[in-house]
Amino acid sequence: MSETTTVDFWFDPICPFAWATSRWILEVEKVRPVRVDWHVMSLSVLNEGRDLSEDYRRSMDDGWGPVRVIVAAADQHGAGVVPELYTAMGELLHYEKVQDRAEVIRRALDKVGLPAGLAAAAESEDHDRALRASHQEGIERVGQDVGTPVLSLNGTAFFGPVITRVPTGEDAGELFDASVKLASFPYFFELKRSRTESPTFD
């Protein structure tokens, strides 16, 4: 039997790139011996103090809600609710293109059967210490000049892989195999090219 690979996955639910990579890793689970542990990070935290365009600053100000609610849900109902709630939010944000973050939170909580009162966490700083700690744990593994997602494969972390489409079946497995192989070289740090398309979800 092949050895199970542990994948620690840091995500912000509002990020389409993290969403694409997260759907890929779920496809990988079908074809490779993989166990995924889900963790939150936050683009709102990452971009604090940075000079941003007005539109992006507005998005970051609005981005606290979904990730705060996920942290609150995990605190009150256990870490096992995180992937299901993330999936419910992500489908609304990235498939249905729901713009109203409050509506995303309300509908996602309802879909997974969590108390509607958790939505209040979106406007509260009560869980920000836990959110920031999870965010910092991911960032400390890869450095400040990255975004989301962050993956750690058997203890070696990197930003990405950044993909714009979600491979399935053996294609998903082969991309994972390549990622694991690259991560096995302690002196490998970066492989990049200019992105020519945004994430596409069919």
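Note that the coordinates shown come from a computational prediction; the quantities given were computed from them, not determined experimentally.

The rules behind the values
- Residues numbered from 1 in each chain as written.
- Predicted model: local features only at pLDDT ≥ 70, side-chain atom pairs only at ≥ 80, totals over all residues.
- Heavy atoms only, no water.
- Axes fitted to C-alpha atoms, helices over the stretch in contact; angles between N-to-C directions.
- Helix = DSSP H or I, 4+ residues; strand = E, 2+ residues; numbered from the N terminus.
- Parallel < 35°, antiparallel > 145°, perpendicular 65-115°, else oblique.
- Contact = heavy atoms within 4.5 Å.
- Nonpolar A, V, L, I, M, F, W, Y, C, P; charged D, E, K, R; others polar.
- Pairing = 2+ DSSP bridges.
- Patch = residues over 30% accessible without salt bridge, like charges linked within 9 Å, V, L, I, M, F, W, Y side chains within 5 Å.
- Areas by Shrake-Rupley, 256 points an atom, 1.4 Å probe, with all protein chains shown as cover.
- Salt bridge = Lys/Arg side-chain N within 4 Å of Asp/Glu carboxyl O.
- Buried < 20%, exposed > 50% of the residue type's maximum accessible area, 1.4 Å probe, protein only.

Student: With reference to specific residues and values, describe the packing of helix 3 (residues 54-62) against helix 4 (residues 64-77).
Tutor: As a packed pair, helix 3 and helix 4 sit with axes 5 Å apart at the nearest point and diverge in direction by 20°. Relative to helix 4, the element helix 3 is oriented roughly parallel. Two secondary-structure elements touch here, helix 3 through Met 60, Asp 61 and Asp 62 and helix 4 through Trp 64, Gly 65 and Pro 66. Split by residue class, the contact of helix 3 with helix 4 holds 3 nonpolar, 1 polar and 2 charged.

Student: Before we move on, could you go through the sheet that holds strand 2 (residues 34-40) and cite the residues and values that matter?
Tutor: Pairing is mixed across the open sheet formed by 4 strands, whose spatial order is 2-1-3-4. Single-partner strands in this sheet number two, and they are strand 2 and strand 4 (156-159). Across this sheet, the average inter-strand angle for adjacent strands is 20°, counted without regard to direction. With 7 bridges joining them, strand 1 (residues 5-11) and strand 2 adopt parallel strand pairing. Looking at the pairing, Val 7 lines up with Val 36 of strand 2. Sheet strands touched by helix 1 (residues 16-31): strand 1, strand 2 and strand 3 (150-153). Its angle to strand 2, the strand with the most contacts, is close to 155°.

Student: If you had to explain a nonpolar patch on the surface to someone new, which residues and values would you point to?
Tutor: Together, Leu 182, Phe 185, Tyr 187, Phe 188, Phe 189 and Leu 191 give the surface a local cluster of nonpolar side chains, amounting to about 700 Å² of exposed area. Topologically, Phe 188 is positioned in the segment after helix 8 (169-183). The partly exposed category is assigned to Phe 188, whose relative accessible area is 31%.

Student: Outline the pattern of salt bridges, listing residues and values.
Tutor: One pass over the structure, following the stated rule, counts 13 salt bridges. Between Asp 62 and Arg 101 there is a salt bridge, with its nearest N and O atoms 3.8 Å apart. Linking Asp 62 in helix 3 with Arg 101 in helix 6 (residues 101-112), this pair joins segments that are 39 residues apart in sequence. For Asp 62, a relative accessible area of 38% puts it in the partly exposed group. With a closest N to O distance of 2.8 Å, Arg 165 and Glu 197 form a salt bridge. Taken together, the residues Arg 165 in the loop between strand 4 and helix 8 and Glu 197 in the segment after helix 8 connect sequence positions 32 residues apart. By relative accessible area, Glu 197 is classed as partly exposed at 27%. One network of salt bridges, in which partners are shared, links Arg 32, Glu 170 and Asp 177.

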